Amino acid sequence: MAFGEFHRGRRLRRTAFLRDMVRETELRPADLIQGYFVVDTPERDFEKPLGSMPGQSQLSVERLVARVGRAMGDGLRSVILFGLPEKKDPAGTGAYADDGIVQRAVVRLKETYPELAVVTDVCLCEYTSHGHCGLLDGHGEVKNDATLELLAKTAVSHARAGADIIAPSDMMDGRVGAIRAALDEAGFSHLPVMSYAVKYASAFYGPFREAAESAPAFGDRKGYQMDPANVREGLREAAADLAEGADILMVKPAMPYLDVVRLLRDSFDTPIAAYQVSGEYAMLQAAIANGWLDEKRAILEALTGIKRAGADMIITYFAEKVLPWLK
(Lines give C-alpha, C1' and ligand atoms only; values in the text may rest on other atoms or scores of the structure.)
Protein backbone atom coordinates (compact mmCIF):
# COMPACT_ATOMS: atom_id res chain seq x y z
CA MET A 1 0.00 0.00 0.00
CA ALA A 2 1.41 3.36 -1.01
CA PHE A 3 1.42 6.20 1.44
CA GLY A 4 -1.77 8.23 1.10
CA GLU A 5 -4.01 5.25 0.38
CA PHE A 6 -4.89 4.52 3.99
CA HIS A 7 -7.42 6.42 6.12
CA ARG A 8 -5.98 9.60 7.62
CA GLY A 9 -8.25 10.31 10.58
CA ARG A 10 -5.73 12.74 12.04
CA ARG A 11 -6.60 15.29 9.35
CA LEU A 12 -9.75 16.18 11.28
CA ARG A 13 -8.07 16.12 14.70
CA ARG A 14 -5.22 18.49 13.95
CA THR A 15 -6.66 21.70 15.43
CA ALA A 16 -9.27 22.62 18.04
CA PHE A 17 -11.31 24.25 15.28
CA LEU A 18 -11.46 21.05 13.25
CA ARG A 19 -12.21 18.91 16.30
CA ASP A 20 -15.10 21.20 17.20
CA MET A 21 -16.49 21.04 13.67
CA VAL A 22 -16.71 17.24 13.60
CA ARG A 23 -17.68 16.61 17.23
CA GLU A 24 -20.53 14.11 17.32
CA THR A 25 -21.75 14.58 20.91
CA GLU A 26 -22.38 17.96 22.51
CA LEU A 27 -23.07 18.44 26.22
CA ARG A 28 -25.54 21.30 26.80
CA PRO A 29 -26.81 23.03 29.95
CA ALA A 30 -30.32 21.81 29.11
CA ASP A 31 -29.08 18.21 29.35
CA LEU A 32 -28.19 18.49 33.05
CA ILE A 33 -30.46 18.10 36.08
CA GLN A 34 -28.90 19.04 39.43
CA GLY A 35 -29.90 17.01 42.48
CA TYR A 36 -30.56 18.72 45.83
CA PHE A 37 -31.28 17.48 49.35
CA VAL A 38 -33.79 19.70 51.16
CA VAL A 39 -34.34 19.39 54.92
CA ASP A 40 -37.42 20.09 57.04
CA THR A 41 -35.87 22.36 59.66
CA PRO A 42 -36.92 25.57 61.47
CA GLU A 43 -33.48 27.04 60.69
CA ARG A 44 -33.75 29.26 57.63
CA ASP A 45 -30.00 29.20 56.99
CA PHE A 46 -29.40 25.50 57.61
CA GLU A 47 -26.66 23.91 55.50
CA LYS A 48 -24.90 20.68 56.42
CA PRO A 49 -22.05 19.64 54.10
CA LEU A 50 -21.98 15.97 53.15
CA GLY A 51 -18.69 14.26 53.93
CA SER A 52 -19.04 11.54 51.29
CA MET A 53 -20.23 14.00 48.62
CA PRO A 54 -17.82 16.97 48.71
CA GLY A 55 -19.51 20.11 47.44
CA GLN A 56 -23.03 18.88 48.26
CA SER A 57 -25.10 19.67 51.36
CA GLN A 58 -28.38 19.14 53.10
CA LEU A 59 -30.17 22.47 52.70
CA SER A 60 -33.06 24.33 54.27
CA VAL A 61 -35.66 25.63 51.84
CA GLU A 62 -34.25 29.17 51.93
CA ARG A 63 -30.69 27.96 51.39
CA LEU A 64 -31.94 25.79 48.52
CA VAL A 65 -33.63 28.77 46.87
CA ALA A 66 -30.45 30.85 47.17
CA ARG A 67 -28.19 28.10 45.85
CA VAL A 68 -30.47 27.35 42.91
CA GLY A 69 -30.55 31.05 42.07
CA ARG A 70 -26.75 31.21 41.87
CA ALA A 71 -26.66 28.13 39.65
CA MET A 72 -29.34 29.56 37.36
CA GLY A 73 -27.01 32.49 36.81
CA ASP A 74 -24.63 29.97 35.26
CA GLY A 75 -27.35 28.42 33.13
CA LEU A 76 -29.04 25.82 35.35
CA ARG A 77 -32.37 24.81 33.79
CA SER A 78 -33.69 21.97 35.94
CA VAL A 79 -33.40 20.37 39.38
CA ILE A 80 -34.55 17.20 41.11
CA LEU A 81 -35.48 17.33 44.79
CA PHE A 82 -35.00 14.77 47.56
CA GLY A 83 -36.65 15.51 50.90
CA LEU A 84 -35.61 14.82 54.49
CA PRO A 85 -38.64 15.09 56.79
CA GLU A 86 -38.57 16.24 60.41
CA LYS A 87 -40.09 12.92 61.51
CA LYS A 88 -40.37 9.45 60.02
CA ASP A 89 -42.99 6.75 60.57
CA PRO A 90 -43.77 3.26 59.21
CA ALA A 91 -46.16 4.63 56.56
CA GLY A 92 -43.92 7.47 55.37
CA THR A 93 -46.68 10.03 55.83
CA GLY A 94 -44.31 12.95 55.30
CA ALA A 95 -43.97 11.95 51.66
CA TYR A 96 -47.55 12.79 50.77
CA ALA A 97 -48.35 15.52 53.30
CA ASP A 98 -49.55 18.69 51.59
CA ASP A 99 -47.12 20.67 53.76
CA GLY A 100 -44.27 18.16 53.39
CA ILE A 101 -40.73 19.34 52.86
CA VAL A 102 -40.59 18.66 49.11
CA GLN A 103 -44.00 20.23 48.60
CA ARG A 104 -42.92 23.42 50.39
CA ALA A 105 -39.64 23.51 48.49
CA VAL A 106 -41.43 23.17 45.16
CA VAL A 107 -43.77 26.04 46.01
CA ARG A 108 -40.88 28.34 46.94
CA LEU A 109 -38.80 27.43 43.90
CA LYS A 110 -41.67 27.93 41.45
CA GLU A 111 -42.68 31.22 43.11
CA THR A 112 -39.12 32.49 42.87
CA TYR A 113 -38.06 30.96 39.54
CA PRO A 114 -41.13 30.19 37.40
CA GLU A 115 -38.90 29.26 34.46
CA LEU A 116 -37.06 26.55 36.42
CA ALA A 117 -38.03 22.95 35.64
CA VAL A 118 -38.60 21.17 38.96
CA VAL A 119 -38.50 17.37 39.01
CA THR A 120 -39.62 15.59 42.17
CA ASP A 121 -38.44 12.17 43.25
CA VAL A 122 -41.39 10.02 44.36
CA CYS A 123 -40.45 7.33 46.87
CA LEU A 124 -41.11 6.55 50.53
CA CYS A 125 -37.63 5.46 51.66
CA GLU A 126 -36.61 8.89 52.98
CA TYR A 127 -39.85 9.10 54.98
CA THR A 128 -40.28 5.61 56.47
CA SER A 129 -38.81 4.75 59.85
CA HIS A 130 -37.66 1.39 58.44
CA GLY A 131 -35.99 2.90 55.34
CA HIS A 132 -37.73 0.73 52.77
CA CYS A 133 -39.56 2.11 49.74
CA GLY A 134 -43.07 1.04 50.75
CA LEU A 135 -45.35 -0.37 53.40
CA LEU A 136 -44.21 -3.55 55.13
CA ASP A 137 -46.14 -6.72 55.94
CA GLY A 138 -45.71 -8.69 59.15
CA HIS A 139 -42.64 -10.45 57.76
CA GLY A 140 -40.73 -7.29 56.79
CA GLU A 141 -41.52 -7.61 53.08
CA VAL A 142 -42.59 -4.57 51.08
CA LYS A 143 -46.28 -4.75 50.14
CA ASN A 144 -46.31 -3.79 46.47
CA ASP A 145 -49.97 -3.05 45.75
CA ALA A 146 -50.72 -1.34 49.06
CA THR A 147 -47.77 0.99 48.43
CA LEU A 148 -49.10 2.13 45.05
CA GLU A 149 -51.85 4.23 46.61
CA LEU A 150 -49.34 6.13 48.75
CA LEU A 151 -47.01 6.72 45.82
CA ALA A 152 -49.93 8.08 43.81
CA LYS A 153 -50.90 10.40 46.70
CA THR A 154 -47.30 11.62 46.86
CA ALA A 155 -47.23 12.33 43.13
CA VAL A 156 -50.49 14.30 43.26
CA SER A 157 -49.27 16.33 46.25
CA HIS A 158 -46.11 17.23 44.30
CA ALA A 159 -48.20 18.21 41.29
CA ARG A 160 -50.42 20.45 43.42
CA ALA A 161 -47.31 22.15 44.77
CA GLY A 162 -46.21 22.98 41.21
CA ALA A 163 -43.82 20.21 40.14
CA ASP A 164 -43.09 20.07 36.42
CA ILE A 165 -42.06 16.39 36.18
CA ILE A 166 -42.92 13.49 38.48
CA ALA A 167 -40.15 10.90 38.86
CA PRO A 168 -41.07 7.67 40.72
CA SER A 169 -37.97 5.81 41.94
CA ASP A 170 -39.45 3.13 44.20
CA MET A 171 -39.47 0.19 41.73
CA MET A 172 -42.90 -1.06 42.78
CA ASP A 173 -44.63 -2.97 39.99
CA GLY A 174 -47.45 -0.93 38.47
CA ARG A 175 -46.50 2.37 40.06
CA VAL A 176 -46.32 4.31 36.79
CA GLY A 177 -49.89 3.29 35.91
CA ALA A 178 -51.14 4.16 39.40
CA ILE A 179 -49.42 7.55 39.34
CA ARG A 180 -50.58 8.33 35.81
CA ALA A 181 -54.19 7.52 36.67
CA ALA A 182 -54.06 9.58 39.87
CA LEU A 183 -52.50 12.57 38.13
CA ASP A 184 -55.07 12.45 35.34
CA GLU A 185 -57.97 12.18 37.79
CA ALA A 186 -56.65 15.15 39.79
CA GLY A 187 -56.44 17.34 36.69
CA PHE A 188 -52.72 16.96 35.95
CA SER A 189 -52.86 15.03 32.69
CA HIS A 190 -50.37 17.53 31.27
CA LEU A 191 -47.58 16.56 33.68
CA PRO A 192 -44.98 14.07 32.38
CA VAL A 193 -43.75 11.06 34.33
CA MET A 194 -40.02 10.33 34.31
CA SER A 195 -39.83 6.73 35.43
CA TYR A 196 -36.81 5.23 37.13
CA ALA A 197 -37.58 2.34 34.80
CA VAL A 198 -34.30 0.42 35.01
CA LYS A 199 -32.96 0.87 38.53
CA TYR A 200 -30.36 -1.55 39.79
CA ALA A 201 -29.65 -2.74 43.33
CA SER A 202 -26.30 -1.00 43.15
CA ALA A 203 -23.37 -0.55 45.49
CA PHE A 204 -23.02 3.00 44.15
CA TYR A 205 -25.91 4.43 46.22
CA GLY A 206 -24.02 4.55 49.53
CA PRO A 207 -23.28 8.29 49.71
CA PHE A 208 -26.89 9.12 48.73
CA ARG A 209 -28.23 7.04 51.59
CA GLU A 210 -26.07 9.05 53.97
CA ALA A 211 -27.18 12.31 52.38
CA ALA A 212 -30.88 11.43 52.35
CA GLU A 213 -30.70 9.44 55.61
CA SER A 214 -32.55 6.66 53.82
CA ALA A 215 -30.55 3.48 54.43
CA PRO A 216 -32.78 0.46 55.21
CA ALA A 217 -32.94 -0.36 58.91
CA PHE A 218 -32.70 -4.05 58.00
CA GLY A 219 -32.22 -6.18 54.92
CA ASP A 220 -31.70 -4.63 51.49
CA ARG A 221 -33.66 -3.61 48.40
CA LYS A 222 -32.71 -6.49 46.12
CA GLY A 223 -36.28 -7.77 46.22
CA TYR A 224 -37.51 -4.78 44.21
CA GLN A 225 -34.46 -3.20 42.57
CA MET A 226 -32.86 -5.02 39.63
CA ASP A 227 -29.99 -7.51 39.66
CA PRO A 228 -26.87 -5.77 38.25
CA ALA A 229 -26.20 -8.88 36.14
CA ASN A 230 -29.40 -8.48 34.10
CA VAL A 231 -30.00 -6.44 30.97
CA ARG A 232 -32.92 -8.13 29.15
CA GLU A 233 -34.96 -7.64 32.30
CA GLY A 234 -34.37 -3.92 31.90
CA LEU A 235 -36.07 -3.98 28.52
CA ARG A 236 -39.12 -5.64 30.07
CA GLU A 237 -39.23 -3.04 32.85
CA ALA A 238 -38.92 -0.17 30.39
CA ALA A 239 -41.60 -1.58 28.07
CA ALA A 240 -43.96 -2.08 31.01
CA ASP A 241 -43.50 1.50 32.21
CA LEU A 242 -44.10 2.86 28.72
CA ALA A 243 -47.30 0.84 28.48
CA GLU A 244 -48.42 2.32 31.80
CA GLY A 245 -47.85 5.89 30.61
CA ALA A 246 -44.24 6.85 31.29
CA ASP A 247 -43.01 9.79 29.19
CA ILE A 248 -39.28 9.48 29.99
CA LEU A 249 -37.33 6.32 30.84
CA MET A 250 -34.39 6.46 33.25
CA VAL A 251 -31.42 4.17 33.81
CA LYS A 252 -29.80 4.27 37.28
CA PRO A 253 -26.81 4.23 37.86
CA ALA A 254 -25.27 5.62 34.67
CA MET A 255 -21.59 4.80 34.10
CA PRO A 256 -21.63 1.10 35.13
CA TYR A 257 -24.71 0.64 32.91
CA LEU A 258 -23.89 2.54 29.72
CA ASP A 259 -24.69 -0.62 27.75
CA VAL A 260 -28.20 -0.48 29.20
CA VAL A 261 -28.54 3.21 28.29
CA ARG A 262 -27.56 2.36 24.71
CA LEU A 263 -29.94 -0.62 24.60
CA LEU A 264 -32.88 1.52 25.68
CA ARG A 265 -31.88 4.26 23.23
CA ASP A 266 -31.86 1.74 20.37
CA SER A 267 -35.07 0.04 21.49
CA PHE A 268 -37.40 2.97 22.25
CA ASP A 269 -38.12 6.37 20.71
CA THR A 270 -39.00 7.96 24.05
CA PRO A 271 -36.54 10.33 25.76
CA ILE A 272 -33.92 8.55 27.88
CA ALA A 273 -32.51 9.85 31.16
CA ALA A 274 -29.50 8.54 33.07
CA TYR A 275 -28.63 9.18 36.71
CA GLN A 276 -24.95 9.71 37.54
CA VAL A 277 -25.44 8.58 41.12
CA SER A 278 -23.75 9.57 44.36
CA GLY A 279 -21.14 6.81 44.24
CA GLU A 280 -20.03 7.87 40.77
CA TYR A 281 -19.78 11.45 42.00
CA ALA A 282 -17.88 10.45 45.13
CA MET A 283 -15.35 8.32 43.21
CA LEU A 284 -14.53 11.12 40.81
CA GLN A 285 -14.31 13.68 43.61
CA ALA A 286 -11.97 11.45 45.62
CA ALA A 287 -9.66 10.87 42.65
CA ILE A 288 -9.66 14.58 41.83
CA ALA A 289 -8.90 15.52 45.46
CA ASN A 290 -5.93 13.13 45.44
CA GLY A 291 -4.57 14.65 42.25
CA TRP A 292 -5.09 11.44 40.29
CA LEU A 293 -7.48 12.98 37.75
CA ASP A 294 -7.77 16.38 36.11
CA GLU A 295 -11.04 17.80 37.46
CA LYS A 296 -12.50 19.47 34.38
CA ARG A 297 -11.40 16.85 31.86
CA ALA A 298 -12.54 13.89 33.97
CA ILE A 299 -15.97 15.28 34.81
CA LEU A 300 -16.73 16.42 31.27
CA GLU A 301 -15.51 13.12 29.83
CA ALA A 302 -17.72 11.13 32.20
CA LEU A 303 -20.81 13.20 31.38
CA THR A 304 -20.09 13.17 27.65
CA GLY A 305 -19.78 9.39 27.78
CA ILE A 306 -23.23 9.12 29.35
CA LYS A 307 -24.73 11.33 26.67
CA ARG A 308 -22.85 9.53 23.90
CA ALA A 309 -24.36 6.25 25.11
CA GLY A 310 -27.79 7.68 24.34
CA ALA A 311 -29.02 9.70 27.31
CA ASP A 312 -31.01 12.81 26.42
CA MET A 313 -30.77 14.15 29.97
CA ILE A 314 -28.46 13.43 32.89
CA ILE A 315 -29.16 13.77 36.61
CA THR A 316 -25.83 14.71 38.14
CA TYR A 317 -24.45 16.41 41.23
CA PHE A 318 -21.82 18.00 38.98
CA ALA A 319 -24.28 20.25 37.12
CA GLU A 320 -23.48 23.36 39.17
CA LYS A 321 -19.77 22.88 38.60
CA VAL A 322 -20.03 22.07 34.89
CA LEU A 323 -22.35 24.86 33.80
CA PRO A 324 -19.71 27.65 33.84
CA TRP A 325 -17.45 25.41 31.74
CA LEU A 326 -20.16 25.05 29.09
CA LYS A 327 -20.62 28.79 28.58
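Now for a quick tour of the structure. (Residues numbered from 1 in each chain as written. Predicted model: local features only at pLDDT ≥ 70, side-chain atom pairs only at ≥ 80, totals over all residues. Heavy atoms only, no water.)

Here we take up the pattern of salt bridges. One pass over the full model with this rule turns up 19 salt bridges. A salt bridge links D312 to R265, with the shortest nitrogen-to-oxygen separation between them at 2.7 Å. Placement of the pair is D312 in the loop between α10 (295-309) and β10 (313-316) and R265 in helix α8 (residues 258-267), with a sequence separation of 47 residues. D312 gets classed as partly exposed once you look at its relative accessible area, which sits at 34%. We classify R265 as buried; its relative accessible area is 19%. Because the salt bridges share partners, they merge into one network encompassing D45, E47, R63, R67 and E320. (Salt bridge = Lys/Arg side-chain N within 4 Å of Asp/Glu carboxyl O. Helix = DSSP H or I, 4+ residues; strand = E, 2+ residues; numbered from the N terminus. Buried < 20%, exposed > 50% of the residue type's maximum accessible area, 1.4 Å probe, protein only.)

Describing two packed helices takes the angle between their axes plus the distance from one axis to the other. Running from N to C, helix α2 (residues 61-73) and helix α3 (residues 101-112) point in directions that differ by 40°, and their axes come no closer than 10 Å. Classified by the interaxial angle, the pair formed by α2 and α3 is oblique. Relative to α3, the crossing made by α2 is right-handed. Contacts between α2 and α3 involve V61, E62, L64, V65 and V68 on the former and, on the latter, I101, A105, R108, L109 and T112. (Axes fitted to C-alpha atoms, helices over the stretch in contact; angles between N-to-C directions. Parallel < 35°, antiparallel > 145°, perpendicular 65-115°, else oblique. Left-handed = near helix turned anticlockwise from the far one by under 90°. Contact = heavy atoms within 4.5 Å.)

Cis geometry marks the peptide bond from K252 to P253, where omega comes out at -5°. Within the element layout of this structure, P253 appears in the loop between β8 (248-252) and α8. With phi around 70°, M171 is a residue other than glycine that occupies positive phi space. In this structure, M171 sits in the loop between β6 (165-168) and α5 (175-185).

Let us now look at the packing of aromatic side chains. Scanning the model with the defined rule gives 10 aromatic pairs in all. On the numbers, 5.0 Å between centres and 85° between planes, the contact of F82 with F208 is edge-to-face. With F82 in strand β4 (residues 78-84) and F208 in helix α6 (residues 206-211), the pair connects residues that are 126 residues apart, well separated along the chain. For the pair shown, F82 and F208 are each scored as buried. Feature note: the residues F37, F82, Y196, F208, Y275, Y281, Y317 and F318 constitute an aromatic cluster, connected by ring pairs. Over the ring of Y205 we find K252, and its NZ or CZ is 4.7 Å from the ring centre. Stacked on the ring of F208, the Lys or Arg K252 has its end atom at 5.5 Å from the ring centre. (Phe/Tyr/Trp six-rings, centres within 6.5 Å; stacked < 30°, edge-to-face > 60°. Lys NZ or Arg CZ within 6 Å of the ring centre and 35° of its normal.)

As a further point, take the pairing of β8. Within β8, 5 of the 5 residues are buried, which leaves the element mostly enclosed by the surrounding structure. Side chains I248, M250 and K252 project from β8 onto one buried face, and the interleaved L249 and V251 project onto a second face that is buried too. As paired strands, β8 and strand β9 (residues 272-275) are joined by 3 bridges and run parallel to one another. Bridging from a neighbouring strand, V251 pairs with A274 of β9. Following the backbone out of β8, through α8 and into the adjacent parallel β9, one traces a crossover that is right-handed. (Pairing = 2+ DSSP bridges. Right-handed = clockwise from strand over helix to strand, strands pointing away.)

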